[in-house]
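This is what each chain is made of:
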Amino acid sequence: MLHTIVRTIRRFYPGVVFAGYLVAFLIAFAMVFMLPIGALGMVFLALMALIPLVFVLGIVRAIERPLALKKLSANRCPACDARAIEPPGADHCDLYRCTNCGSHFSASGEDAEVPDSPDAPEAPDSPEAPDSLSASQ
Ligand SMILES: [Zn+2]
């Protein structure tokens, strides 16, 4: 439960920060015409705010990692909570894989991208550009 909350915060945090910066930009843009020094102050404030914002993301990740490791050691997926974790080495990569939702996790408990392997079969939903181009002509 706690991990789900922390994971949700970590997933939406960059979007929320970006929305905050977008709102600050709109306020600063309106302020250019009324109080130019205020807009300049907002630029410096926004730049200085980057430091604690990145620091907070590091704290959230540091909280999430041990909680995800606890779930992985209990053979449960940190993303979907299913008991379907495949240990590393099963499909020639060093990542934990959930057979239920397909998520991959590193040994440190973080979400991991799926490594591209040259012998992997092509995804069935991938568009086949040459065939679709020749069919339309
Ligand atoms: Zn899963």
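None of the values given here were measured: they were computed from a predicted structure. (Residues numbered from 1 in each chain as written. Predicted model: local features only at pLDDT ≥ 70, side-chain atom pairs only at ≥ 80, totals over all residues.)

Caption draft 1: Region of the structure containing the sheet that holds strand β4 (residues 111-112). Read from one edge to the other, the open sheet built from 4 strands follows the order β1-β2-β3-β4, with strand pairing classed as antiparallel. Of all the strands in the sheet, just β1 (85-86) and β4 have a single pairing partner and so form its edges. Across 2 bridges, the pairing between strand β3 (residues 104-105) and β4 is antiparallel. Residue pairing across strands places Phe-105 opposite Asp-111, the latter belonging to β4. (Pairing = 2+ DSSP bridges. Helix = DSSP H or I, 4+ residues; strand = E, 2+ residues; numbered from the N terminus.)

Caption draft 2: Representation of the nonpolar core. Ala-68, Leu-72, Cys-77, Ala-79, Ile-85, Leu-95, Tyr-96, Cys-98 and Phe-105 together form the largest nonpolar core, which totals 9 residues. Elements that contribute at least two residues to this core include exactly α2 (36-73) and β2 (96-98). When near neighbours in sequence (up to four residues on either side) are disregarded, Ala-79 contacts Cys-98, Cys-101 and Ser-103. (Core = buried A, V, L, I, M, F, W, Y, C linked by C-beta atoms within 7 Å. Buried ≥ 20, exposed ≤ 12 C-beta atoms within 10 Å, placed from the backbone. Contact = placed C-beta atoms within 7 Å.)

Caption draft 3: A look at the packing of helix α1 (residues 2-34) against α2. Interaxial distance between α1 and α2 falls to 9 Å at its minimum, and their mutual angle equals 175°. Between α1 and α2, the crossing angle belongs to the class labelled roughly antiparallel. Classifying every residue of the contact of α1 with α2 by side-chain character gives 22 nonpolar, 2 polar and 5 charged. (Axes fitted to C-alpha atoms, helices over the stretch in contact; angles between N-to-C directions. Parallel < 35°, antiparallel > 145°, perpendicular 65-115°, else oblique. Nonpolar A, V, L, I, M, F, W, Y, C, P; charged D, E, K, R; others polar.)

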